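Summary of the model geometry
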Amino acid sequence: GAVVSQHPSRVICKSGTSVKIECRSLDFQATTMFWYRQFPKQSLMLMATSNEGSKATYEQGVEKDKFLINHASLTLSTLTVTSAHPEDSSFYICSASTPFSGTSGVVDTQYFGPGTRLTVL
Amino acid sequence: AQSVTQLGSHVSVSEGALVLLRCNYSSSVPPYLFWYVQYPNQGLQLLLKYTTGATLVKGINGFEAEFKKSETSFHLTKPSAHMSDAAEYFCAVSLFNNAGNMLTFGGGTRLMVKP
């Protein structure tokens, strides 16, 4: 259980084009989805948090007009990199969270997708 | 605010040897702690998590981790390394907050297993 898919797994595009990445929770409904960016040999950097039916919350320094996030349903979130440039080349990973009970109440566990490697020429 | 420190960006062990990956955290409230593994060009896979109760947590692939509050640590261990364990390992901490489960990741430790 708790499988998250991403599509495409790899994309190469020309500078100036837009790229859409899909993230789906296949066997559960995700209350929240997260988008991360990972540079080579580095840790994950949270870009934004999105809840179904509401606007995404972006981390400081992340351009919301460049990285458009749509969370249309409890199983699907999309990240669109608009007017991509070579510096946007990176590994983009999404996660979907589902709740479990902790001592402080309900806390979500994140399950990660396999990632999308974006290369902008 | 919380933070996670993973001592050693690279750890190399021989096949069959003990694996020890270190993780220390700082948090203003009792944290929830996670270990994830990432194989090349793949997303993260949850190895184990600590939420409450027993401080020794067993995960998949023979890994376990012990939450030590006094040491603010959550080190990951495996008694006997296998070649297939070679990967990047991330420790993460989360707090319950209004934004949901915000994970803060450590810098990662690359585990190499020598034959």
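About the criteria used
- Residues numbered from 1 in each chain as written.
- Chains lettered and ligands numbered in written order.
- Predicted model: local features only at pLDDT ≥ 70, side-chain atom pairs only at ≥ 80, totals over all residues.
- Heavy atoms only, no water.
- Phe/Tyr/Trp six-rings, centres within 6.5 Å; stacked < 30°, edge-to-face > 60°.
- Helix = DSSP H or I, 4+ residues; strand = E, 2+ residues; numbered from the N terminus.
- Buried < 20%, exposed > 50% of the residue type's maximum accessible area, 1.4 Å probe, protein only.
- Pairing = 2+ DSSP bridges.
- Axes fitted to C-alpha atoms, helices over the stretch in contact; angles between N-to-C directions.
- Disulfide = S-S within 2.5 Å.

Looking at the packing of aromatic side chains
Residues and elements named next belong to chain B. Scanning the model with the defined rule gives twelve aromatic pairs over all chains in all. With a centroid separation of 4.4 Å and an interplanar angle of 25°, the aromatic rings of Tyr 50 and Phe 67 are classed as stacked. Linking Tyr 50 in strand E6 (residues 44-50) with Phe 67 in strand E8 (residues 64-68), this pair joins segments that are 17 residues apart in sequence. There is no split in this pair, since Tyr 50 and Phe 67 are both buried. An angle of 90° between the planes, with centres 6.2 Å apart, marks the rings of Phe 90 and Phe 105 as edge-to-face. Here Phe 90 is found in strand E10 (residues 87-97), whereas its partner Phe 105 is found in strand E11 (residues 100-105), with 15 residues between them in sequence. Here Phe 90 falls in the buried class, since its relative accessible area comes to 0%.

As for the sheet that holds strand E1 (residues 4-7) of chain A
Picture the strands of a sheet paired through backbone hydrogen bonds; they go either parallel or antiparallel. Residues and elements named next belong to chain A. Spatial strand order, E1-E3-E8-E7: four strands in an open sheet with antiparallel pairing. Edge positions in the sheet fall to E1 and strand E7 (67-73), since each of these pairs with one other strand and no more. On average, each strand axis in the sheet is tilted by 15° relative to the strand beside it, whichever way the strands run. Pairing between strand E3 (residues 19-25) and strand E8 (residues 76-81): six bridges, direction antiparallel. Within E8, the residue paired with Cys 23 across the bridge is Ser 77.

Things to note about the state of the cysteines
A complete count under the given rule lists two disulfides over all chains for this structure. Between the sulfur atoms of A:Cys23 and its disulfide mate A:Cys94 the distance is 2.0 Å. Across the disulfide from A:Cys23 to A:Cys94, rotation about the S-S bond amounts to roughly 80°, and the bridge is consequently right-handed. In this pair, A:Cys23 sits in strand E3 while A:Cys94 sits in strand E9 (residues 90-102), placing the two residues 71 residues apart along the sequence. Side by side, A:Cys23 and A:Cys94 carry an identical accessibility label, which is buried. Linked covalently through their sulfurs, B:Cys23 and B:Cys91 form a disulfide whose S-S length is 1.9 Å. Measuring the twist about the S-S bond at about -65°, one finds the B:Cys23-B:Cys91 disulfide to be left-handed. Taken as a pair, B:Cys23 in the loop between strand E3 (19-21) and strand E4 (24-26) and B:Cys91 in strand E10 lie far apart in primary sequence, 68 residues in all. The buried category is assigned to B:Cys23, whose relative accessible area is 0%. Residue classification places B:Cys91 among the buried positions, given a relative accessible area of 0%.

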